[in-house]
Amino acid sequence: MTFRIQMNDRIAPARSVLAAAFAVAVVAIAGCSSTGGPATNAAQPPKNIIIMFADGAAPTQWDFGKYSSRVLRQQPFASTDVVFRDGVIGLISTSPHGAYVTDSSAAASAMSTGYKVNNFTISVTPDGKSPPTVMEAAKAAGKRIGLVTTATVYDATPAGFSVHSTTRGDFQGLVDQYLALEPDVLMGGGAEYFLPGGAAGGKREDGKDIIAAFRAKGYTIARTTGELNAAAGARLLGLFADDDMEFELDRDPVKEPTTAEMAAAALKALSQASPKGFVLLVENENTDSAGHDNDAASLMRALWAFDDAVKVALDFQRRVPDTLVIVTGDHETGGFSPTYALKDLSSVSRTNRFTTGDEHLRMLGRITTSLNAVKEKLGKKPSGEMLDELLAKHFPGFRLDADLRDLLLKQQVLERNFGRAIPNILGRMVARQTGYYWGTEGHTPEPALVGAIGPGAELFRGYQDNTDFGKHLHRLITGK
């Protein structure tokens with residue numbers, strides 16, 4: 001497969017969330033053809049399946065990743081420039097059972113089992129059944145399996161693709177299920193529920209050391225980037241944070257590897273002793289967390305980190321052509337809406353309006369910390385002095401308007417759909433000066449975009465339901 005990445009495409013102007021979705025829908029309905037030749041024949045099942053998963057990302061986020069990578073990094077964005085352009089493209093609706101807007105566990109469960117479930121449920125249907133997950137089906141078919149995330153390894157997406165629970169909050173029980181399932185690769189954050197309460201950072205209530213239990217089963221254990229790079233075995237447990245891994249702006253590269261480094265290590269491990277191939281899920285969850293915080297700068301860097309991992313997957317596919325690479329998300333987070341806006345409220349005339357562009361993107365590029373990190377540093381009783389110090393240090397060129405400053409120091413939310421007071425208020429500060437606005441701190445029902453390239457890709461063409469995504473994966477894995 002030849003990667004043809006053009007760097008001279010015109011950058012489309014900012015557009016609303018729905019406009020982006022419908023634009024992609026038109027492309028899908030028109031029948032965007034794949035240039036992958038025989039590799040896209042749905043009758044030819046793939047030996048390996050790599051699911052690249054950006055939680056909370058939908059068409060507007062993907063376009064933002066492409067635009068920002070070109071302007072600030074001078075690099076192509078492989079998700080759009082290779083997978084979406086040269087592969088098969090489709091959209092999936094995201095609604096769960098009994099609601100219009102989904103949470104991540106219901107979305108992942110539908111995309112894994114092919115069945116709708118209630119929000120906050122992990123692959124358990126409303127009638128109490130536990131249909132096979134993608135990873136259970138793959139393991140039953142003799143394939144090796146891997147789960148990689150920047151969240152806790154028992155967070156909604158990796159859990160929904162592998163195990164079952166009536167509540168996504170049963171972290172200890174989900175870890176116990178992982179020990180029973182024995183995924184060949186398991187990497188991300190969440191060490192706290194692998195360790196007993198008496199150990200440093202441990203939160204387990206049964207006194208068990210699950211890291212030791214994995215080691216006894218022949219797993220190489222990695223707790224730092226250096227240990228991950230040194231890992232050579234075919235089974236790998238990597239736990240790089242007690243809770244979620246950090247945003248790229250805050251990440252310590254010695255302690256926490258990148259999404260690309262974890263993807264490369266996972267592929268190295270899964271490629272060993274795998275005559276029937278493997279199924280690997282690689283999730284960057286920071287795209288979702290940034291959306292919840294209304295943090296455009298962190299979203300941008302999470303998209304870049306994710307895309308670097310996509311390049312790792314595509315490089316593997318180039319060397320092992322009977323590999324299907326899928327790039328997708330589960331829903332949209334934040335109602336991300338780059339737009340034009342008034343400079344202030346002194347006038348509604350066109351001369352007092354700006355349209356977000358390269359100069360505003362460069363302002364995002366100069367931000368040096370996540371909005372969540374500011375919240376953590378300010379604490380429960382923010383002081384004006386600390387706030388001014390953090391803004392001067394990490395947000396050059398930005399000003400905090402008086403109304404937002406008052407709300408922030410009082411920790412009052414912007415509106416009923418903005419429940420993360422400090423990050424959302426700082427996100428509004430950034431928006432007023434850059435045009436990177438947000439409609440909510442929650443999820444929206446915007447369809448998720450799917451791009452697939454390789455054997456079986458044709459199955460994902462067009463506008464389908466998220467349950468169809470799961471059914472296609474099971475068909476490719478089981479042949480049924």
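Predicted model, so just to flag it, every value in this text is computed and none were measured.

Asks: Summarise the overall build of the chain; cite the residues concerned and give the values.
Replies: Scanning the chain from terminus to terminus reveals 18 helices and 16 strands. Compactness check: the chain gives a C-alpha radius of gyration of 22 Å against a globular reference of 23 Å for 480 residues, within 12% of the reference. Dimensions of the chain, computed from the C-alpha atoms along their principal axes, are close to 65 × 60 × 45 Å. When burial is assessed residue by residue, the chain has 59% of its 480 residues classed as buried.

Asks: Kindly report on the environment of Glu136, identifying the contributing residues and their values.
Replies: With respect to the secondary-structure elements, Glu136 resides in helix H5 (residues 134-140). Judged by relative accessible area, Glu136 falls into the partly exposed class, the value being 26%. The spacing of Glu136 and Phe161 is 25 residues in sequence and 8.5 Å in space, taken between C-alpha atoms. In this structure Glu136 touches Pro131, Ser162, His164 and Leu181, once residues within four positions along its chain are discounted.

Asks: Outline the sheet that holds strand E1 (residues 48-54), supporting the account with residue identities and numerical values.
Replies: Strands pair in a sheet through their backbones, by hydrogen bonds, and they do so in one of two ways: parallel or antiparallel. Read from one edge of the open sheet, 10 strands run E5-E6-E4-E3-E7-E1-E8-E15-E2-E16, paired in mixed fashion. Both edges of this open sheet fall to strand E5 (220-222) and strand E16 (462-465), since each of them pairs with a single strand only. Recorded for the sheet is a direction-independent mean angle of 15° between the axes of neighbouring strands. Packed onto the sheet, helix H18 (residues 466-478) meets E1, strand E2 (88-93), strand E7 (278-284), strand E8 (323-328), strand E15 (448-453) and E16 and runs at close to 95° relative to E16.

Asks: Please give an account of the nonpolar core that cites residues and values.
Replies: Counting residues in each nonpolar core, the largest one holds 79 residues, and the members touching the most others are Met52, Trp62 and Met187. The element that contributes the greatest number of residues to this core is helix H12 (residues 296-319), accounting for 12 residues. If sequence neighbours within four positions are ignored, Trp62 has contacts with Ala54, Ala57, Phe77, Ser79, Thr80, Phe84, Leu303, Phe306, Val327, Thr328, Gly329 and Leu449. By size, the runner-up hydrophobic cluster in this structure holds 50 residues, among which are Val153, Ala159, Leu181 and Ile211.

Asks: Would you mind going over the pairing of E8 in detail, with residue names and values included?
Replies: Within E8, 6 of the 6 residues are buried, leaving the element largely enclosed by the surrounding structure. Side chains Thr323, Val325 and Val327 project from E8 onto one buried face, and the interleaved Leu324, Ile326 and Thr328 project onto a second face that is buried too. Alignment of E1 against E8, held across 6 bridges, turns out to be parallel. Residue pairing across strands places Met52 opposite Val327, the latter belonging to E8.

Asks: Describe the environment of Tyr340, with residues and values.
Replies: Topologically, Tyr340 is positioned in strand E11 (residues 340-342). The partly exposed category is assigned to Tyr340, whose relative accessible area is 48%. Distance in space between the C-alpha atoms of Tyr340 and Tyr437 is 9.3 Å, their sequence separation being 97 residues. What Tyr340 contacts, discounting residues up to four positions off in sequence, is Arg353, Phe354 and Thr355.

Asks: Can you tell me about the packing of helix H2 (residues 59-73) against helix H13 (residues 358-365), naming the residues and giving the values?
Replies: When two helices pack together, their arrangement is captured by the angle between the axes and the distance separating the axes. Running from N to C, H2 and H13 point in directions that differ by 85°, and their axes come no closer than 11 Å. With respect to each other, H2 and H13 are oriented roughly perpendicular. On the side of H2, the interface is formed by Phe64, Tyr67, Ser68, Val71 and Leu72, while H13 contributes Asp358, Leu361, Arg362, Leu364 and Gly365.

Asks: Lay out the packing of aromatic side chains with the relevant residues and their values.
Replies: Using the criterion set out here, one finds 15 aromatic pairs in the structure. Centroid distance Phe53 to Phe161: 5.7 Å. Interplanar angle 80°. Geometry classified as edge-to-face. Pair noted here: Phe53 is in strand E1 and Phe161 is in the loop between helix H6 (156-160) and helix H7 (171-181), with a separation of 108 residues, a long-range link. Across the pair, exposure class does not vary: Phe53 and Phe161 are buried alike. Centre to centre, the rings of Tyr154 and Tyr193 are 5.7 Å apart; their planes meet at 90°, and the pair counts as edge-to-face. Of this pair, Tyr154 sits in the loop between strand E3 (144-152) and H6 while Tyr193 is found in the loop between strand E4 (185-189) and helix H8 (210-216), placing the two residues 39 residues apart along the sequence. By relative accessible area, which is 18% here, Tyr193 ends up buried. What links up through ring pairs into an aromatic cluster is the set Phe64, Phe336, Tyr436 and Trp438.

What counts and what doesn't
- Residues numbered from 1 in each chain as written.
- Predicted model: local features only at pLDDT ≥ 70, side-chain atom pairs only at ≥ 80, totals over all residues.
- Heavy atoms only, no water.
- Helix = DSSP H or I, 4+ residues; strand = E, 2+ residues; numbered from the N terminus.
- Rg over C-alpha atoms; globule rule 2.2 N^0.38 Å.
- Buried < 20%, exposed > 50% of the residue type's maximum accessible area, 1.4 Å probe, protein only.
- Contact = heavy atoms within 4.5 Å.
- Pairing = 2+ DSSP bridges.
- Axes fitted to C-alpha atoms, helices over the stretch in contact; angles between N-to-C directions.
- Core = buried A, V, L, I, M, F, W, Y, C linked by side-chain atoms within 4.5 Å.
- Parallel < 35°, antiparallel > 145°, perpendicular 65-115°, else oblique.
- Phe/Tyr/Trp six-rings, centres within 6.5 Å; stacked < 30°, edge-to-face > 60°.

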